[in-house]
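Summary of structural features
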Amino acid sequence: MLNRLIKRFAFEESIRNEMVFSDPNKIRMNPRRELSTGIPGVELKLTTGYPTDPWLFVRTPITTPNGVQKWIGFDEEVDKPDNTDVLYRFGSVIPGGGEEIYYNDGGAWRIAVDSVQSTGTITVVDFSLIAGLTYSINSFIRTEGEQWTASVDNDTTAQSIADDINTFANVTATVVGAVITITAVDSGVSGDLITLATTGGLNLVASGATLTGGIDAEFNTVQEIRDNIDTLLDFVVNTRSGDKTIFVHANPKTTDPKVSPLVKEIKLLGLYEVEWMEDIKFDTMRNDMHDKIRFSFDLELEMPVATDTIDLTTDSFAPDNAGYNIMSIESVYDMSVDPERLNDLLLSYAPGSAKIDGETFDNGVITLSSAVPLGNIIWIKALVVPEIAVNTDQDFFEVKNYPCIVYDKIKEMSSRTTLKYTSGSGKDFVRDIANGTAVEVQPPAVQDLRFDFSVYTSNQIDQSRLMSAMQEYFNENVVINTNALDEPVTMILVDEYVEEEEPDLDDTNTGSGAFVLRSVPFFLKKSLDVPLVLAVKTDFRVQVES
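Residues numbered from 1 in each chain as written. Predicted model: local features only at pLDDT ≥ 70, side-chain atom pairs only at ≥ 80, totals over all residues. Heavy atoms only, no water.

**Section: the nonpolar core**
With 89 residues, the main nonpolar core has Tyr88, Phe90, Met285, Met289 and Phe515 as its most contacted residues. Once residues lying within four places of it in the same chain are set aside, the contact partners of methionine 285 are Ile280, Tyr407, Phe451, Tyr473, Ile480, Met491, Phe515 and Leu517. Ile130, Ala158, Ile165 and Ala184 belong to the second-largest nonpolar core, a separate cluster that totals 22 residues. (Core = buried A, V, L, I, M, F, W, Y, C linked by side-chain atoms within 4.5 Å. Buried < 20%, exposed > 50% of the residue type's maximum accessible area, 1.4 Å probe, protein only. Contact = heavy atoms within 4.5 Å.)

**Observations concerning the pattern of salt bridges**
Taken as a whole and assessed by the stated rule, the structure comprises 23 salt bridges. For the salt bridge of glutamate 218 with arginine 110, the shortest nitrogen-to-oxygen distance reads 2.8 Å. With glutamate 218 in the loop between β16 (204–206) and α3 (222–228) and arginine 110 in strand β9 (residues 109–111), this pair connects stretches of sequence that are 108 residues apart. Aspartate 256 serves as the salt-bridge partner of lysine 258, at 3.2 Å between the closest nitrogen and oxygen. Several salt bridges share partner residues, and in doing so they unite Arg8, Glu265, Lys267 and Asp428 into one network. (Salt bridge = Lys/Arg side-chain N within 4 Å of Asp/Glu carboxyl O. Helix = DSSP H or I, 4+ residues; strand = E, 2+ residues; numbered from the N terminus.)

**Let's talk about the confidence of the model for the protein**
Taken residue by residue, the protein gives an average pLDDT of 87. The fraction at 70 or more is 88%. Confidence over residues 393–398 falls short of pLDDT 50; this stretch has nine contacts with residues more than four positions distant or in other chains. Of the regions scoring below 50 in pLDDT, residues 535–546 engages in zero contacts with residues more than four places distant in sequence or in other chains. (pLDDT = per-residue confidence, 0-100.)

**Some remarks on unusual backbone geometry**
Positive phi values are uncommon outside glycine, yet serine 139 reaches one of about 70 degrees. Tracing the chain through its elements places serine 139 in the loop between β11 (134–137) and β12 (140–143). One non-glycine residue, aspartate 486, adopts positive backbone phi at about 55 degrees. With respect to the helices, strands and loops of the structure, aspartate 486 is situated in the loop between β30 (479–481) and β31 (488–499).

**Details of the packing of aromatic side chains**
In this structure the tally under the stated criterion is 17 aromatic pairs. With 6.4 Å between their ring centres and 70 degrees between their planes, tryptophan 276 and phenylalanine 522 make a pair best called edge-to-face. Here tryptophan 276 is found in helix α5 (residues 276–292), whereas its partner phenylalanine 522 is found in strand β32 (residues 509–522), with 246 residues between them in sequence. For the pair tryptophan 276 and phenylalanine 522, one class covers both residues: buried. Taking the centre distance of 5.4 Å and the plane angle of 45 degrees together, the rings of phenylalanine 474 and phenylalanine 515 count as tilted. Linking phenylalanine 474 in helix α6 (residues 460–476) with phenylalanine 515 in strand β32, this pair joins segments that are 41 residues apart in sequence. What makes phenylalanine 515 buried here is its relative accessible area of 0%. (Phe/Tyr/Trp six-rings, centres within 6.5 Å; stacked < 30°, edge-to-face > 60°.)

Spelled out as structure tokens, the structure:
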């Protein structure tokens, strides 16, 4: 089902730890403002005045709403007094943990340029020939013998000049040998206006008449984003190999130290494709358990041959664990000569072919650091992921192997409407001011869902270890994010995981339990296109003609 939905980034105290501030001494959440006005948000930090630095920013939490098919709208809720503004740009997270920032180039999205400081150099060529000469920065003349000294050698003279430059407020200086590098304190092209000169001729040489190389950070206006956002997701996905992870940089700025903008909320309007119950049952709960629940499995084998390679796909080495999803091998010991398990023989493990889910693999090959003799007993510890299935009229995932977790029943416990996802009026909007239109999104129905589950294993040890792994899972995942929207819901274990005392006739060990997802949103009403009221007449006085 396709629908237009809003991804909201509200700058509230509850998400402070998920935000990133470029300089916490100059931009921050203001809790006093929220306490006094009830309005949360981010603003410039007031000291003797509000900072006028042009490129301060706050970064929203990172989100991955996998149900979005295209971003189609952008809006802000901000207070912007005169002489203030708020600009924006998007970002994502590249493999390896770095960040890439995306910027609208007036026709195509690309990697944005961060602000760069202007630089220049002064080089001491011959210290013995510059007595009484000068250098100047922004026409402030500094004379040898007064503010700095030429003595001993070129390098010492360069250090004397650098020490003097570091008394300036708008530049800093560093020295390498006889070369002084001067750097503008403020980043951006404004640093290119700082003048630089010397009177030393060929013996004290400036790199140019001004500092150079300053670059302004690239940010967008709200309308620039609105005009081009429909191609943003394609750019993000193409540069991230299909990943939809995104965040927003907000750049509040002022040229008047007496006022600051206040950024309350940012909204992204997306076109989503979501089947709501499928998203919760399969894409959210099944996948989350699949990704997080692991337990160890012990395997003892008598070596059929002397070898340093154990191929778990062959009959010689494939025992009862043939159907297990082995994610990794943790250790291998030769119990015949090392019963205390002091010498781990594991060198590497290469899993087999990917299974149908693309995330688990057939059994693979273990390589040992040394060969184990024929007849010795080896002990292998493997990390296993259980299969997870939903027991419906037509199984979503066919259970073939143990261990497995089966959702026996999923029950809708309650349903209500909430204003949590709206601006408080029961509806939420993303505006396009230039076109005089808005998209109206209706509030979701909210339900509590109860999941009754059973756990099946082929032996008592697996049942006990899987039970411990599941208890750890519920303890560590009190909040879980939905797959399609990446919105948090609360998860509560309501019936403790109980292990059956005896296996059944098939020697299957069974456990059971139940958990509840609280306040799961279901956006079931279609969004609407509505005209935007740009001005409201507030003079309601009635004129009576005599």
